[in-house]
Amino acid sequence: MEATDRRGTAIEPREIKQEGDAGLRITWADDHVSRYSAPGLRRACPCAQCVNEWTGQRVLKPETISQELTIADLSIVGRYALNFRWSDGHETGIYSFRYLRDLSDPKE
Ligand SMILES: [Zn+2]
């Protein structure tokens, strides 16, 4: 019955793989492959410190994030999201798979 739920299938990662210290590759259930860099993901952090919860406005200034930023740790939250600990110590962002997929396919 899950096979008929296309939207559900599209946001389910089949493989999550760290590439080096600062790269991440997600292979989705629909065979789409997304690649991310640590600084790019860090700048897109959706947590309440980085985005104003009420207005949705990004508070985090992209230029304050080093290009040298790396992924210190990575864990899966429930079955729906990833949580990163970055080399700058920030670790409050919960990146849902839907959000990650949207980041890689901005036109969708
Ligand atoms: Zn954040």
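In this text the structure is predicted, and so the values were computed from the model without any measurement.

Rules and cut-offs
- Residues numbered from 1 in each chain as written.
- Predicted model: local features only at pLDDT ≥ 70, side-chain atom pairs only at ≥ 80, totals over all residues.
- Helix = DSSP H or I, 4+ residues; strand = E, 2+ residues; numbered from the N terminus.
- Pairing = 2+ DSSP bridges.
- Axes fitted to C-alpha atoms, helices over the stretch in contact; angles between N-to-C directions.
- Contact = placed C-beta atoms within 7 Å.
- pLDDT = per-residue confidence, 0-100.
- Core = buried A, V, L, I, M, F, W, Y, C linked by C-beta atoms within 7 Å.
- Buried ≥ 20, exposed ≤ 12 C-beta atoms within 10 Å, placed from the backbone.

This part takes up the environment of Asp 30. Along the chain, Asp 30 falls in the loop between strand E2 (23-28) and strand E3 (33-37). Spatially, the C-alpha atom of Asp 30 lies 8.6 Å from that of Arg 14, the residues being 16 residues apart in sequence.

A sheet is described by the order of its strands in space; here 3 strands give the open sequence E1-E2-E3, paired in antiparallel fashion. Either end of the sheet is taken by a strand with one partner, and the two such strands are strand E1 (13-19) and E3. Strand-to-strand twist across the sheet, computed as the mean angle between neighbouring axes with direction ignored, equals 15 degrees. Direction of pairing for E2 relative to E3: antiparallel, over a ladder of 5 bridges. Among the inter-strand pairings, Leu 24 is bridged to a residue of E3, identified as Tyr 36. Against the sheet, helix H3 (residues 97-104) touches E1, E2 and E3, its axis set at about 90 degrees to E3.

Once that is clear, we can look at the confidence of the model for the chain. On average, residues of the chain score 90 in pLDDT, and 88% of them are at 70 or above. No element of the chain has a lower mean pLDDT than helix H1 (residues 6-10), at 52, and none a higher one than strand E5 (residues 81-86), at 98. Counting contacts from residues 1-5, a segment whose pLDDT is below 50, to residues more than four positions away or on other chains yields 1 contact.

Strand order in the open sheet formed by 3 strands is E4-E5-E6, and the pairing between neighbours is antiparallel. Of all the strands in the sheet, the pair left with one neighbour each is strand E4 (71-77) and strand E6 (94-96). Neighbour to neighbour, the strand axes of the sheet diverge by 30 degrees on average, direction disregarded. In this sheet, E5 lies alongside E4 in antiparallel orientation, the contact comprising 6 bridges.

A word on the nonpolar core. Residues Ala 38, Leu 41, Leu 69, Ile 71, Phe 84 and Trp 86 are the most contacted members of the largest nonpolar core, which totals 14 residues. Within the residue set of this core, elements represented by two or more residues are helix H2 (38-43), E5 and H3. With 3 residues, the top contributor of residues to this core is E5. Filtering out sequence-adjacent residues up to four positions away, Phe 84 remains in contact with Leu 41, Ile 71, Leu 74, Glu 91 and Gly 93.

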